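Take a look at the letters that make up each chain.
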Number of protein chains: 2
Amino acid sequence: MLNNYEPIKVYKGNIVYSPSINRLTTLENGYIVVNKEEVIGTYQDLPAEYQNCELRDFGDRLILPGFVDLHFHAPQFANRGLGLDKELLPWLEEYTFPEESKFKDLSYAKKIYPQVVHALWKNGTTRSVIFASVHKDSTKLLLDLFIDSGLGAFVGKVNMDQNCPDFIVEDSNQSLSETLEIIQEYSKKSTLVQPILTPRFVPTCSIPLMEKLGAFAMDHNIHIQSHISENQGEVDWVKELHPESLDYASIYHQYGLFGHQPTIMAHCVFNTDQEIDLMAKSGVYAAHCPHANYNLASGIMPVRSFLEKGVSVGLGSDVGAGHQVSIPKVMTAAVQASKIKWLESGKTLEPLKLSEVFYLGTKGGGKFFGKVGSFEPAYAFDALVIDDQDLGTIDISLTERLERYLYIGDDRHILKRFVAGKEVFEPKKLPGI
Amino acid sequence: MLNNYEPIKVYKGNIVYSPSINRLTTLENGYIVVNKEEVIGTYQDLPAEYQNCELRDFGDRLILPGFVDLHFHAPQFANRGLGLDKELLPWLEEYTFPEESKFKDLSYAKKIYPQVVHALWKNGTTRSVIFASVHKDSTKLLLDLFIDSGLGAFVGKVNMDQNCPDFIVEDSNQSLSETLEIIQEYSKKSTLVQPILTPRFVPTCSIPLMEKLGAFAMDHNIHIQSHISENQGEVDWVKELHPESLDYASIYHQYGLFGHQPTIMAHCVFNTDQEIDLMAKSGVYAAHCPHANYNLASGIMPVRSFLEKGVSVGLGSDVGAGHQVSIPKVMTAAVQASKIKWLESGKTLEPLKLSEVFYLGTKGGGKFFGKVGSFEPAYAFDALVIDDQDLGTIDISLTERLERYLYIGDDRHILKRFVAGKEVFEPKKLPGI
C-alpha cells in the first residue's frame, strides 16, 4: 500500500463536489482532511484536532474531484480527429482496425501508449477504463505505464475472434489464454490499476468465447466492459447474427457478461426499455460518449431515460471516435446533446443540467472504482486544483465558477492532480508520435 | 493604406485552402506570393520572377487562411460559459442584458474589450463581425481597439428601443443619432475595421427605428447584421408582435434591412422555405452558430437546406451564448450538429463534411468582407501558420492534417497570424477582468 506511513494532510481552497446527482456541495475557503489515501471529511472551519496537521493552502483556487472516463480506446489515440466523416462500421474497417493492428509491434506501442497516459494526466482524468488492443504484450505495457504513472485505471486486452479483418482477428483459445495470463499477472500487482475483461462487442465475439469470458469473470472476480447499441447498423447486424435472441443486451446477459460482475456498456443509444430495465436490475453501468456518438453520426443517448430507470451512468471520451480526451468537454457535449434530445422528445426528456453531468463525470463513473469521485468521508482523495483566474474575476458564485471552468477552461487551468491521496506528477512523454 | 511601399513577399509551407465548398486545394511545400495586402498566386514551384523576393519558409508547418467569425457579442465575453442551463429569452433577461448594461461605463469596457480582441487574435480569428452594446462610447472604444490590433472587423452599436429592460432600452432618436455619429466618424478611418448597422432583432426594434435604419443603410452604403429565428419562443413572439407580416424575414425586408446592403442574419434555425428563398434572392448571409444553438436549447439549423438553395453561409461563435471563441471548435460542432440533423431528417439532409465547414469558416464567411478567406489571386493575404507537430507525426495527408488540427488542435498550435499581408502581433491584454 502507498502512503502507509504518511500523516494526515489538510487541503484548503474553494471546494466543489457532487455527492448526488441533484446536489452540488460548495465550500468557500473550506478544508478537506485526508488520512493516507482517504478523505476524512470536508469542513468550513478546520476542527481543532487537525490544526497541527500539514496544511496545503491553495488560496482562491478550486478543488474538484478528479475526472473519471469510463470509455477510452488507447490504441486509437493517434487516430483521434481523423476519419470522422464516416459511420461506425466503415470507420472501424478503414481507420480503426488498421491502426489497432499496429500494436502487435511492441515498439509501436512504446511510442503511442506513453502519450495516452500523458494525455489523461494532462486533462485531469485521474481514473479511466481503457480498451487496449488484442495484443497481449502491448496491453501489459499499458498496464505497467499506468502503474508507473500513479493514475487509476482498468485496462483490458480486447477479445475478438470473428467478423473482423484477418490482420486483427484472434484464435479463440489464444484469446482466452492470453487474457488469463494478464489476469493472473496483474490482478494483485496494484490497487489502482486492474485488468478488466473486454469482449469488443457481440458481432466480433463467438458464443464459445463469450461463454468462457463470462466464466472467467465469475471465477476471477473481474470487471467487464463492452459496447452496446451504438449505431443502428450495428444493432441490425447483431439481430441478424443472433436471430434467436430477444435483444442485444440479453446476448451478453445469457453468457454472464451483463452485471454478473461490475460491467460497463458503452454508448446505449438505441436500447429498448426492456434492455434499460435489465441494465438497472443487473447494475450495469452505461458509459455515455456524446462526442463519439455525434462524430460517427450514431445519434443521441437518451440519458434521462436511463437515469429515471435507475441505471448508473458515467461519461466516456471514447477516444478515438471521440476526439476530446477532456472530460469537461465531454460534460458540456452531454449537456448540449441532452438539449437536442429534449427537443426531439417533444420536451419530455428534461435536458441534463451542468451539475448533473459534473456528477456523471466524477462520482457517477467513479462508483465503478469503489469510493471514488467525491469528497465524502472514506472516498479516495482524487482531486484537481484549478486556477481559473484568467477566465475572469467578476464576482460570481462557486457554482458559476465551476460551470465556467467546465465550459471554457482547459488543461492549462489544472495546477495539481491527486490520486488516492498522492500527488501525481507529469509522466514521461516521448517526443512526437 | 498600409504596406504601400513593401515589396513582394513569398511564404513557403504546406498550404491548404478552400476555393469552393466542394474543393480543398493542398500544396505540399508550396509557395504563396503576396503583393502588399494581396495574394498574387499559389505555386508548387516558385516562378522565376519571384526567386529574388523575400522568402519566409515555414518548413513543415501548415499555412491556412485566417478564420472568419460572422457573429460575436463583445459585451457578453465575460459571461461565456455562464447561465447555459437556460433558453434564449430568460437567458437574455437574467444574464445578458444585465451584463451588457455595464458597458454604459467606459471604464468597464476598458477592462473587457481588450480581452475580446486578444481572444480573437489568440484563436486565429482574423476577421469578425461584432455586436457591441447600445453604448456609443464603448462601441467607439471597441472600434479603436480593433483598428490598433490589425485584425479585420465590422463592429456595430446595437439598436433597441422597445421590449427590453429599462436599464438598457434606448430612446429611438438617440439610438439613430448615435449610430449616425459612429458611421460618420468610422466609415473612412480604416479599411480593415468598419461600422455596421446592428438592429438587435425584431422584438426589440420599433417600426420607425427599423425604417430609419433601413434608410441609413442605403444612404451611407453600410452593411447590416441582426438575428433571425433562433428559438421557437422568439419566433412565436415575433408573430404576436407583427400579426400583419407574412413571416419574420419579411419584416426585415419590408424595412430595408434584408439584403438591401450586404446583410448577415444569425442563427436561421426555424426559417421557412419561403424565407430561405428570400435570403438566397436577396443575398442575405446566414451565420450558423451551432454551439449557441445547442447551449440555449434552440435546435439545429438545417445548413444543408440553405446551401442547396444557394444562400451564403458562414460560421459564428456567438459568444457569449456560444462558449467557444475558436472557429475550428465551431466547425467541428457544425459537422456534429449536421449529423444529428441528417438522422432527424430521415437521412435526407446530408451531413456537412469537414472540408465544407472549413470553407464556411474561411471563404464562406470571408466573402462578407470582399476577397477574404482564400489564397486565390487578388484575395487579401489573411493567414495562419500552424505547428501541428505535437498532434502526431504519423504519415497522413495534408487533408488529414487539416482535419486533425481542426478537431484536436487549439490556439497553442497557431504560430503566426497575418491580416491583409501584415503580420499581426499579440495585442495588449489587460490582466484579469
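Residues numbered from 1 in each chain as written. Chains lettered and ligands numbered in written order. Predicted model: local features only at pLDDT ≥ 70, side-chain atom pairs only at ≥ 80, totals over all residues. Heavy atoms only, no water.

Next up on the list: the sheet that holds strand β3 (residues 38–43) of chain B. In a beta sheet, neighbouring strands pair by backbone hydrogen bonds and run either parallel or antiparallel. Residue and element names in this part refer to chain B. In space, the seven strands of this open sheet follow the order β3-β2-β1-β4-β15-β16-β17, with mixed pairing throughout. Here the strands that pair on one side only, and so sit at the sheet edges, are β3 and β17 (422–423). With four bridges connecting them, strand β15 (residues 383–386) and strand β16 (residues 414–419) associate as antiparallel partners. For Leu-384, the partnering residue across the bridge sits in β16 and is Arg-417. (Pairing = 2+ DSSP bridges. Helix = DSSP H or I, 4+ residues; strand = E, 2+ residues; numbered from the N terminus.)

All names here are of chain A. A rise of 1.5 Å per residue sets the reference length of helix α11 (residues 327–344), with its 18 residues, at 26 Å; its end C-alpha atoms lie 25 Å apart and thus fit the reference within 8%. In terms of burial, α11 is largely enclosed, as 16 of its 18 residues are buried. Where α11 ends, the next residue or the one after it, Gly-346, has phi of about 65 degrees, a positive value. (Expected span 1.5 Å × (residues − 1). Buried < 20%, exposed > 50% of the residue type's maximum accessible area, 1.4 Å probe, protein only.)

A separate point is the interface of chain A and chain B. Between chain A and chain B, the residue contacts involve 46 residues of the former and 46 residues of the latter. Interface area for chain A against chain B, summed over the two sides, is near 4,000 Å², with a carbon-plus-sulfur share of 53%. Viewed at the interface, chain B and chain A are joined by two salt bridges. Close ionic contact of Asp411(B) with Arg412(A) constitutes a salt bridge, the shortest N to O distance being 2.8 Å. Applying the counting rule to chain A against chain B returns 18 residue pairs in polar contact (both at pLDDT 80 or more). Of all the elements, α11(A) adds the most residues to the side of chain A that touches chain B, at eight residues. Of the residues belonging to the side of chain A that touches chain B, the class tally is 20 nonpolar, 13 polar and 13 charged. (Contact = heavy atoms within 4.5 Å. Buried area = accessible area lost by both parts, 1.4 Å probe. Salt bridge = Lys/Arg side-chain N within 4 Å of Asp/Glu carboxyl O. Polar contact = N/O pair within 3.5 Å; in protein donor to acceptor, adjacent residues only side chain to side chain. Nonpolar A, V, L, I, M, F, W, Y, C, P; charged D, E, K, R; others polar.)

Turning our eyes to something else, we now look at the state of the cysteines. The final tally for this structure, using the stated rule, is zero disulfides over all chains. Unpaired in terms of disulfides, Cys289(A) finds its nearest cysteine sulfur in Cys268(A), a separation of 8.6 Å. With relative accessibility at 1%, the residue Cys289(A) sits in the buried group. Among the cysteines around Cys205(B), which has no disulfide bond, Cys164(B) carries the closest sulfur, lying 8.7 Å off. (Disulfide = S-S within 2.5 Å.)

Within chain A, residue pLDDT values average 95, and 97% of them lie at 70 or more. Taken over the whole predicted complex, pTM reads 0.96, whereas the ipTM for its chain interfaces reads 0.95. (pLDDT = per-residue confidence, 0-100.)

Once turned by 180 degrees and shifted 0.0 Å along the axis, chain A lies on chain B with an RMSD of 0.0 Å. One copy is carried onto the other by what is essentially a two-fold rotation axis. The residues that chain A uses at the interface reappear at the interface of chain B in 100% of cases, marking a shared surface. (Least-squares fit on C-alpha atoms with pLDDT ≥ 70 in both.)

Before going further, it helps to spend a moment on the packing of helix α4 (residues 172–186) of chain A against helix α5 (residues 207–220) of chain A. Residue and element names in this part refer to chain A. Viewed as axis vectors pointing N to C, α4 and α5 meet at an angle of 15 degrees, and their least axial separation amounts to 10 Å. On the basis of their axis angle, the class for α4 and α5 is roughly parallel. At the point where α4 passes α5, the crossing takes the right-handed sense. Contacts from Ser-172, Ser-175, Leu-176, Thr-179, Leu-180 and Ile-183 in α4 reach Leu-209, Lys-212, Leu-213, Phe-216 and His-220 in α5. Considering only residue class, the contact of α4 with α5 consists of six nonpolar, four polar and one charged. (Axes fitted to C-alpha atoms, helices over the stretch in contact; angles between N-to-C directions. Parallel < 35°, antiparallel > 145°, perpendicular 65-115°, else oblique. Left-handed = near helix turned anticlockwise from the far one by under 90°.)

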